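One-letter residues, chain by chain:
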Amino acid sequence: MLVQQFLKKDGLYNDALDGLVGKNTLKGLAAINAIDSGWSVNRKINGAIQFYAKKNGLEIGPIDGWWRPDTEDAFNQLSHLLDIGTMPNPWRPEDIEDVNPNNWPRQYTPEFDAFYGAPGENLVTINFPYPMKLSWEPYSKVTRTSCHTKVKESLERVLVKVKDTYGLDTIRELRLDRFGGCYNKRRVRGGTKWSMHSWAIALDFDHTRNKLDWGRDRAVFAKPEYIPWWEIWEEEGWLSLGRQRNFDWMHVQAAKL
Ligand SMILES: [Zn+2]
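Asker: So what exactly am I meant to see when it comes to the environment of Asp73 here?
Answerer: Among the secondary structure elements, Asp73 is positioned in helix H4 (residues 69–84). Along the sequence, Asp73 and Ala53 sit 20 residues apart, while their C-alpha atoms lie 9.5 Å from each other.

Given below as structure tokens:
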């Protein structure tokens with residue numbers, strides 16, 4: 001269907017957009033020189049995705065009809081182009097502006113210890129500007145949490161801005177209200193260091209759809225509709241491990257790497 005839409009734009013296909021590879025779709029594909037006439041139908045479709053990716057300025061390897069990770073990525077970007085009319089924002093760490101208005105320290109450094117003190121101390125309560133639920137208990141209601149006193153005001157600004165930007169309905173729909181916890185004095189999984197949660201300077205959200213070891217191909221928080229969410233955090237200097245390291249997309253922290 002995506003390929004049919006692009007063929008149609010090029011005047012190579014005038015039939016229904018039905019996603020079925022019929023005679024006319026094959027005729028359109030045959031008009032693209034980069035696609036080998038000896039390929040299987042599947043390979044031709046993949047080749048067309050690669051061809052239109054290249055044509056639209058996406059970085060893509062050879063047009064060979066194989067479904068590679070970059071082909072899948074191109075498919076997603078081209079879908080976005082057709083749906084929204086623009087390419088999604090590029091999603092590479094180097095494109096994330098490294099602002100730090102609150103001077104969050106780098107994790108596991110002496111500056112960090114000096115800034116935040118010992119784990120589990122300096123805790124205060126913050127009231128959420130919109131109601132949350134525990135992400136493992138969708139019928140629960142959470143109105144506040146403990147956090148480190150030094151992150152409190154920034155956290156409030158972030159959540160108020162999330163509320164203003166998305167509104168309550170979209171917050172619910174995108175599950176920005178599925179709170180997975182803040183303060184939790186524990187070691188990092190599989191390690192001996194304290195987790196950032198031990199200082200109550202990290203929060204998790206919607207952990208069932210953003211599992212620890214999931215990358216952007218599976219984590220829901222990697223989708224384009226969450227870009228404003230992340231940008232709101234990043235404007236305050238908070239760091240997303242998903243955005244920076246492509247794992248633990250549920251997590252955001254007030255410390256740099
Ligand atoms: Zn976390």
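Asker: Please clarify how the environment of Ser154 should be interpreted in this entry.
Answerer: Looking at the element boundaries, Ser154 is found in helix H6 (residues 152–173). On a C-alpha basis, the gap between Ser154 and Asn102 in space is 7.9 Å, while along the polypeptide they are 52 residues apart. Beyond its immediate sequence surroundings of up to four residues, Ser154 is in contact with Asn102, Glu236 and Ala254.

Asker: Just checking my understanding: could you explain helix H1 (residues 2–9) for this structure?
Answerer: Two residues of an α-helix separated by three or four positions point the same way, owing to the 3.6 residues in each turn. Among the residues of H1, Val3, Gln4, Phe6 and Leu7 are the ones counted as buried. With its buried residues spanning 165° around the axis, H1 presents them on a single face. The secondary structure elements touched by the buried residues of H1 are helix H2 (23–30) and helix H3 (41–55). Gly11, located one to two residues past H1, shows a positive phi value of around 70°.

Asker: In this structure, what is going on with the nonpolar core? I would like to understand it.
Answerer: If you look at soluble globular proteins, the nonpolar side chains tend to sit buried side by side. Counting 36 residues, the largest nonpolar core has Val162 and Ile201 as its most contacted members. Considering every element that reaches this core, the biggest residue donor is H6, with six residues. One finds Ile45, Ala53, Ala74 and Leu78 within the second-largest nonpolar core, a separate group that totals 16 residues.

Asker: Before we go on, may I ask you to explain the domain arrangement of the protein chain in this structure?
Answerer: The extent of an interface is frequently quoted as the accessible surface area lost upon association of the parts. Annotation of the protein chain at the domain level lists domain 1 (2–84) and domain 2 (93–253). If you average the C-alpha positions of domain 1 and of domain 2, the two centres end up 39 Å apart.

Asker: Just checking my understanding: could you explain the sheet that holds strand E2 (residues 137–148) for this structure?
Answerer: Whether parallel or antiparallel, the strands of a sheet pair through hydrogen bonds between backbone atoms. Read from one edge to the other, the open sheet built from three strands follows the order E2-E1-E3, with strand pairing classed as mixed. The open sheet has two edge strands, E2 and strand E3 (178–179), and neither has a second partner. Both strand E1 (residues 123–134) and E2 contribute to a ladder of seven bridges, which runs antiparallel. Residue pairing across strands places Met132 opposite Val142, the latter belonging to E2. Helix-sheet contacts for H6 involve E1 and E2, and the interaxial angle to E1 is about 10°.

Asker: Help me understand unusual backbone geometry in this model?
Answerer: One can expect most non-glycine residues to show negative phi and most peptide bonds to be in trans. Phi at Asn122 is positive, roughly 60°, even though this residue is not glycine. As for its position among the elements, Asn122 is in the loop between helix H5 (110–116) and E1. By the C-beta count within 10 Å, which is 17 here, Asn122 ends up partly exposed. Positive phi is not limited to glycine here, since Ala200 has a value of about 60°.

Asker: Can you help me understand the sheet that holds strand E6 (residues 251–253) in this one?
Answerer: Strands sit in the order E4-E6-E5 across an open sheet of three strands; the sheet is antiparallel. Every other strand in the sheet has two partners, leaving strand E4 (202–204) and strand E5 (239–240) as the edge strands with one partner each. Bridge analysis of E5 against E6 gives two bridges, and the strand direction is antiparallel. In the strand pairing of E6, Leu239 is matched with Gln253.

Asker: How should the pairing of E1 be read in this particular structure?
Answerer: Along any regular strand, the residues point their side chains to alternate faces of the sheet. Hairpin connection between E1 and E2: a loop of two residues separates the two successive antiparallel strands. In this structure, E1 lies alongside E3, joined through two bridges in parallel fashion. By the bridge assignment, Lys133 is partnered in E3 with Arg178.

Definitions and cut-offs
Residues numbered from 1 in each chain as written. Predicted model: local features only at pLDDT ≥ 70, side-chain atom pairs only at ≥ 80, totals over all residues. Helix = DSSP H or I, 4+ residues; strand = E, 2+ residues; numbered from the N terminus. Contact = placed C-beta atoms within 7 Å. Buried ≥ 20, exposed ≤ 12 C-beta atoms within 10 Å, placed from the backbone. Arc of directions from axis to C-beta. Core = buried A, V, L, I, M, F, W, Y, C linked by C-beta atoms within 7 Å. Domains from an automatic or database assignment. Pairing = 2+ DSSP bridges. Axes fitted to C-alpha atoms, helices over the stretch in contact; angles between N-to-C directions.

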